[in-house]
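# An overview of the molecular structure
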Amino acid sequence: MSVTVFGSINMDIVMRVDRLPKAGETVAASSLQHLPGGKGSNQAVASAHFGASTRMIGAVGSDEFGTAMRDFLAETGVDIAGVDRLAGPTGLAHVFVSDEGENQIVIVAGANGDVAAPAGWTAFGEGRAVALAQLEVPVAATAAFLAQARNGGAITILNTAPALTIPDAMLDDADLLILNETELAFFLGTAPPEGRVAAADAARRLLRRTDQWVVVTLGGAGIVAVAHGDEIAVAAPRVPVVDTTGAGDTFCGVLAAGLSEGLAMAAALRLACTAASLSVQRVGAAASMPVRAEVDAAMTVAIA
Ligand code: RIB
């Protein structure tokens, strides 16, 4: 099983607050931590923790955060040969997390803004190749990566976060699109759907190919996934929420790893939901991601 992640690498500056500030308001933080983040990097960590051979393609800057992020990914078991070291700063995210576990995030692109398209798709690892991308590095480079990976025979996944205007070809090149309700509304030009049935109906409108899946993440309500003539809903386990940062990334990385292992879509979606429910019970993005044994144990509890 092998997963290639193309995307962002950030250092997260995480501030814990009683409640998220409103516009124009100042609030005091009770703690400040530097934690590994970036949607691409987080998804690579989730995939590696799940046991997939995982490589990261992206860039860090020439600062201390760049060294720290490269070291962190390598120690996690992610292949970082495709992580360039560029002049200038590493990507940063300012993350506020409230007592309810909700967050607000502002990113500064840094080196992520200069990530270039890979020279071409190359095989990596064993088993079914999966290629996974998000939208925190330049759109043109991400579009090229997806097209190369699709032509190279990989299962392609695009997590459209954060929502941006992108060429239709990118939506076509993804075998799976993963979005939350807000991102789905952005792409359809509608209000966010309310509830699972409305989300499934809306997701069906985004389908562009008969062999494509659109997966909508619904936070504490789980996920719904639709394909031509197919629908799978997975309820999220009810768990105490400490920090939702990186829950979507955990879902994406574990889903990619599960599919690369050859699991059926329903089985991979259930594992990914369970992994995300474990991640929200801990602080941080990459720091909160479970290993395979924890996910398997939580699945056993859920079934018992
Ligand atoms: O999805 C969570 C991530 O979004 C954070 O780690 C932050 O770096 C931003 O990229």
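For the structure, see preceding data.
Note that the structure is predicted; figures quoted are calculated from it, not measured.

Rules used in this analysis
- Residues numbered from 1 in each chain as written.
- Predicted model: local features only at pLDDT ≥ 70, side-chain atom pairs only at ≥ 80, totals over all residues.
- Heavy atoms only, no water.
- Near = heavy atom within 4 Å.
- Polar contact = N/O pair within 3.5 Å; in protein donor to acceptor, adjacent residues only side chain to side chain.
- Areas by Shrake-Rupley, 256 points an atom, 1.4 Å probe, with all protein chains shown as cover.
- 1 Å grid on protein atoms, 1.4 Å probe; cavity = no way out; pocket = protein on both sides within 12 Å on 5 of 7 lines; lining within 4 Å.
- Sits in = over half its atoms within 2 Å of the grid points.
- Helix = DSSP H or I, 4+ residues; strand = E, 2+ residues; numbered from the N terminus.
- Pairing = 2+ DSSP bridges.
- Axes fitted to C-alpha atoms, helices over the stretch in contact; angles between N-to-C directions.
- Contact = heavy atoms within 4.5 Å.
- Expected span 1.5 Å × (residues − 1).
- Buried < 20%, exposed > 50% of the residue type's maximum accessible area, 1.4 Å probe, protein only.
- Disulfide = S-S within 2.5 Å.
- Points joined across faces, edges and corners; volume = space filled by probe spheres on them.
- Nonpolar A, V, L, I, M, F, W, Y, C, P; charged D, E, K, R; others polar.

### Things to note about the site of the ligand
The ligand sits among Asn10, Asp12, Gly37, Gly38, Lys39, Asn42, Ala93, Ile107, Glu136, Asp249 and Ala285. Note that an oxygen atom of the ligand is positioned 2.8 Å from one of the backbone N or O atoms of Gly38. In isolation the ligand exposes 280 Å². Once the protein is present, 96% of that is buried. The pocket occupied by the ligand, as judged from atoms lying within 2 Å of grid points, is the largest pocket. Those elements giving two or more residues to the shell around the ligand turn out to be strand E2 (10-17) and helix H1 (39-50).

### Focus on the sheet that holds strand E13 (residues 230-234)
Within the open sheet, the 9 strands sit side by side as E5-E4-E1-E8-E9-E10-E11-E12-E13. Their pairing is mixed. Pairing within the sheet leaves two strands with one partner each, and these edge strands are strand E5 (79-85) and E13. Averaged over all neighbouring strand pairs, the angle between strand axes comes to 15 degrees, with direction disregarded. In this fold helix H5 (residues 181-188) packs onto strand E10 (176-180) and strand E11 (213-217), with an angle of close to 110 degrees to the strand it touches most, E10.

### Observations regarding H1
Its 12 residues place the ends of H1 17 Å apart at the C-alpha level, agreeing with the 16 Å of an ideal helix rising 1.5 Å per residue. The buried fraction of H1 amounts to 10 of the 12 residues, a majority that puts the element mostly inside the structure. Immediately downstream of H1, the backbone of Gly51 shows phi near 110 degrees, a positive value.

### Notes on the state of the cysteines
One pass over the structure, following the stated rule, counts 0 disulfides. Cys252 forms no disulfide, and the closest cysteine sulfur to it belongs to Cys273, at a distance of 11 Å.

### Looking at the layout of surface pockets
In this structure, the largest pocket encloses a volume near 1,200 Å³. Lining the largest pocket are 44 residues, and of these Asn180, Thr244, Gly246, Ala247 and Gly248 lie nearest its centre. At the level of secondary structure, the elements contributing two or more residues to the lining of the largest pocket comprise E2, H1, strand E6 (91-97), strand E7 (103-108), E10, H5, helix H7 (247-260) and helix H8 (265-279). Residue composition of the lining of the largest pocket, by class: 20 nonpolar, 16 polar and 8 charged.

### Overview of the side chain of Ser2
Topologically, Ser2 is positioned in strand E1 (residues 2-6). Relative accessible area serves as the criterion here: at 1%, Ser2 is assigned to the buried category. A polar atom in the side chain of Ser2 sits 2.7 Å from the backbone oxygen of Phe124. For Ser2, the residues in contact, after removing those within four places along its chain, are Ser53, Phe124, Gly125, Glu126, Arg128, Ala129, Val130 and Ser260.

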